[in-house]
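Spelled out, the chains give:
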Amino acid sequence: MGDGRWALELVCVCYLGIVYITSRGLIAAPRYRLLQGRIRDCRARASVLAAADADDPVRTAALVAVTGRLDELEKSGLVVWRLLPSSWVIAIPLSKLAAAWRMLHSAERQLLRLEAPGEIAAHVRSVRLRLDASPHPGDKELAAELAARPATGPEVGALLFAATEHLHDREDTESEREYEQQRIALWLATTGLGAVLLIGAVMDHRLTMVFGALGGFLSPLIGVMRAQRPSSWGVLVLAPVGGALASVGGLLLVRMLADPELNLLGHVFLDNSWNAPAAPIALAISLLFGFSGTLFSRLALTATGQLLATPGASTPSGAGGRPL
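The text that follows walks through the structure, step by step, so that each part is easy to find. From a predicted model like this one, the values you see are computed outputs, not experimental measurements.

Considering the overall build of the protein chain
Here comes step 1: Per the secondary structure count, the protein chain includes 12 helices and 2 strands.
Here comes step 2: When the elements of the protein chain are put in sequence order from the N terminus, they spell out α-α-α-β-β-α-α-α-α-α-α-α-α-α.
Here comes step 3: A sequence separation of at least 24 residues applies to 69% of the contacts in the protein chain between residues at least 6 apart.

Overview of the pattern of salt bridges
Here comes step 1: Considering all chains together, one arrives at 9 salt bridges under this definition.
Here comes step 2: D139 is the partner of R170 in a salt bridge, and the nearest nitrogen-oxygen pair spans 2.8 Å. Of this pair, R170 sits in helix α7 (residues 154–202) while D139 sits in helix α6 (residues 139–148); the two residues are 31 residues apart in sequence, bridging distant segments of the chain.
Here comes step 3: The exposure class of D139 is buried, given its relative accessible area of 1%.

Observations concerning the packing of aromatic side chains
Here comes step 1: Under the definition given, this model contains 1 aromatic pair.
Here comes step 2: Over the face of the ring belonging to W101 we find R31, whose NZ or CZ atom lies 4.2 Å from the ring centre.

Examining the side chain of S134
Here comes step 1: Its place among the elements puts S134 in the loop between α5 (117–132) and α6.
Here comes step 2: Residue classification places S134 among the buried residues on the basis of a relative accessible area of 10%.

Focus: the packing of helix α8 (residues 206–225) against helix α11 (residues 280–291)
Here comes step 1: For the pair α8 and α11, the least separation of the axes is 6 Å and the interaxial angle reads 40 degrees. As summarised for this structure, α8 and α11 are arranged oblique, according to the angle between their axes. The crossing of α8 and α11 is right-handed. Contacts between α8 and α11 pair L207, T208, F211, G212, L214, G215, G216, L218, S219 and I222 from the former with L283, S286, L287, G290 and F291 from the latter.
Here comes step 2: Among the residues making up the contact of α8 with α11, the classes are represented as 8 nonpolar, 7 polar and no charged.

What counts as what
- Residues take numbers from 1 onward in each chain, read along the sequence in its written order.
- Given that the model is predicted, a residue must reach a pLDDT of at least 70 before its local features are reported, and side-chain atom pairs must reach 80 or more before they are shown or counted; all residues, however, enter totals for whole chains, interfaces and linings.
- As a rule here, side-chain values come from all non-hydrogen atoms in the structure, and water together with hydrogens is ignored.
- Strands are runs of DSSP state E lasting at least two residues, helices are runs of H or I lasting at least four, and both sets are numbered from the N terminus onward.
- Contact between two residues is taken to exist if any of their heavy atoms lie within 4.5 Å; hydrogens are not considered.
- Salt bridge, as used here, is a side-chain nitrogen of Lys or Arg placed within 4 Å of a carboxyl oxygen of Asp or Glu.
- Remark: exposure states derive from per-residue accessible area (1.4 Å probe, protein chains only) relative to the maximum for the residue type, with buried under 20%, exposed over 50%, and partly exposed in between.
- Stacked, tilted and edge-to-face are the three classes assigned to paired rings of Phe, Tyr and Trp, where Trp is represented by its six-membered ring and a pair needs centres within 6.5 Å; plane angles under 30 degrees give stacked, over 60 edge-to-face, the rest tilted.
- For a lysine, the NZ atom is tested; for an arginine, the CZ atom; a charge sits over a ring if that atom is within 6 Å of the ring centre and within 35 degrees of the ring normal.
- Axes here refer to lines fitted to C-alpha atoms; in helices the fit is confined to the stretch in contact. Angles between the N-to-C directions go from 0 to 180 degrees.
- Any angle that falls under 35 degrees is termed roughly parallel, while one over 145 is termed roughly antiparallel, one within 65 to 115 roughly perpendicular, and all others oblique.
- Definitions for this section: a left-handed crossing has its near helix turned counterclockwise from the far helix by less than a right angle. A right-handed crossing has that turn clockwise.
- Polar here means any residue outside two lists: the nonpolar Ala, Val, Leu, Ile, Met, Phe, Trp, Tyr, Cys and Pro, and the charged Asp, Glu, Lys and Arg; Gly therefore counts as polar.

Now the structure itself:
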């Protein structure tokens, strides 16, 4: 590795490990810990309900069914699986985590049907507060409908169950949409690493992509340090890969716009861009392209405008010279 030949390959392999750890641990671990706590809460509620009226066979069967669902959620491999049988390293796939939350919410609603009237009234009050504070359309009307019902009775129980199911479904849908966005970003990051390796193997732009990846890393880092809105995990993982690819494409666009035929950027950029990737100016340009996706977009739009405005782009003709 003295000549840096395998440096880019080593960086890509290490970053692929970071992508995997992020997708299987950093994103999913907090939600999984919350899931475990909610499962324990459900077990405690089921134990209390089982002791309240042990002579009702229908109630007992419902509690057994709910307990069975909770047992399935805690089975090894359903949500979390180990990379090696004897290793402590675990992985939490996002798709399994989303399915586990839907199972848990279903179990919580089944327990809600078995609650005593006093507990039902408390749940009604809690759901009303959530609906009143919600900005989503229709939630305040649902809260008013709950308030208009008597504190106990089958009607308020059915409405409470429907409202709880509505809240659970919205929470699950939002989580699944977020997980899908994270998976797309992580897939793009993994595919982008393959493109980085391919470009690094074919073209002599390894150092260029390293500086572009550095710029892509610095962009969200500075945003966090300036107390801006935090980015999602997918954006944080994707930014260095996108910066590496943008640096190569940006240098090629700079070389195009600095070409004597167009002469928009001058000889300084002509001599310090695509054909001289190790030059300090070229490395600085790579860093800027990796740092700012807006800069790359604007330069690409400028290049597109120049291509459309270039004279001599004649209309395609047929064999006889007439326009097609």
